[in-house]
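Per-entry structural report
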Amino acid sequence: VVSTQSTGIQWLKLFSTLSIILSLVIMWSLCAILTATDSFPEGNAARVVNLTEKVAEANWFYFPYPGQFGTPIVTVGGFVGMFAGVIGGVIESIGDYYACAKLSGAPPPPKYVLNRGILLEGVGCFLTGLCGPGVGVTSYSENIG
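These lines cover the structure that appears in this document, whether it is placed above or below. (Residues numbered from 1 in each chain as written. Predicted model: local features only at pLDDT ≥ 70, side-chain atom pairs only at ≥ 80, totals over all residues. Heavy atoms only, no water.)

**Brief notes about the overall build of the protein**
On a plain count of helices and strands, the protein comes out with 5 helices and 2 strands. Helices and strands appear in the protein in the N-to-C order β-β-α-α-α-α-α. Taking all 145 residues of the protein together, the buried fraction comes to 10%. For the protein, restricting intrachain contacts to residue pairs at least 6 apart in sequence, the fraction spanning at least 24 positions comes to 37%. Carbon and sulfur atoms make up 70% of the accessible area of the protein, which totals about 11,800 Å². (Helix = DSSP H or I, 4+ residues; strand = E, 2+ residues; numbered from the N terminus. Buried < 20%, exposed > 50% of the residue type's maximum accessible area, 1.4 Å probe, protein only. Contact = heavy atoms within 4.5 Å. Areas by Shrake-Rupley, 256 points an atom, 1.4 Å probe, with all protein chains shown as cover.)

**Description of the packing of aromatic side chains**
Throughout the structure, instances matching the rule amount to 1 aromatic pair. A centroid spacing of 6.1 Å and a plane angle of 15° characterise the contact between F79 and F83, whose relative ring orientation is stacked. Here F83 and F79 lie together in helix α4 (residues 76-104), a separation of 4 residues that amounts to about one turn. Its relative accessible area of 52% is what places F79 among the exposed residues. (Phe/Tyr/Trp six-rings, centres within 6.5 Å; stacked < 30°, edge-to-face > 60°.)

**Here we look at the packing of α4 against helix α5 (residues 111-131)**
Look at α4 against α5: their axes get within 10 Å of each other, and the N-to-C directions meet at 130°. With respect to α5, the axis of α4 lies oblique. Both α4 and α5 take part in a crossing whose hand is right-handed. On the side of α4, the interface is formed by V90, S93, I94, Y97 and Y98, while α5 contributes L114, G117, I118 and E121. Taken together, the residues that form the contact of α4 with α5 break down as 6 nonpolar, 2 polar and 1 charged. (Axes fitted to C-alpha atoms, helices over the stretch in contact; angles between N-to-C directions. Parallel < 35°, antiparallel > 145°, perpendicular 65-115°, else oblique. Left-handed = near helix turned anticlockwise from the far one by under 90°. Nonpolar A, V, L, I, M, F, W, Y, C, P; charged D, E, K, R; others polar.)

So yeah, pure geometry; function would need other evidence.
Right under this line is the structure:
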């Protein structure tokens, strides 16, 4: 609960701290309702039936390996979109490095440190993409400060 002294209003931080769990609960509830009303045809992946069996059958641990989803397909649109994301990530990371140095009282990072940081973020993203999770490895502004 957050208290605002100027207005005296208290806000519950439900949507900021529990957003992922809340969205899962809402979607599972919606799928359960639509399953109960037979809105989904038999065999649809969104049907909530035999939930305990599906949870029992699911793998608890899974180790990704390179090429598990087949050969990558590269398109011009995909390349342009990913390149825009990379440029945005590089700009954010450079700002993160400077912000972290300023907050910690260290001198601004030299260019070679920035280059190494960006290179290692790229290597990390390549390795995660190679194994399939598709999760970017980069600095996050939220973690600074």
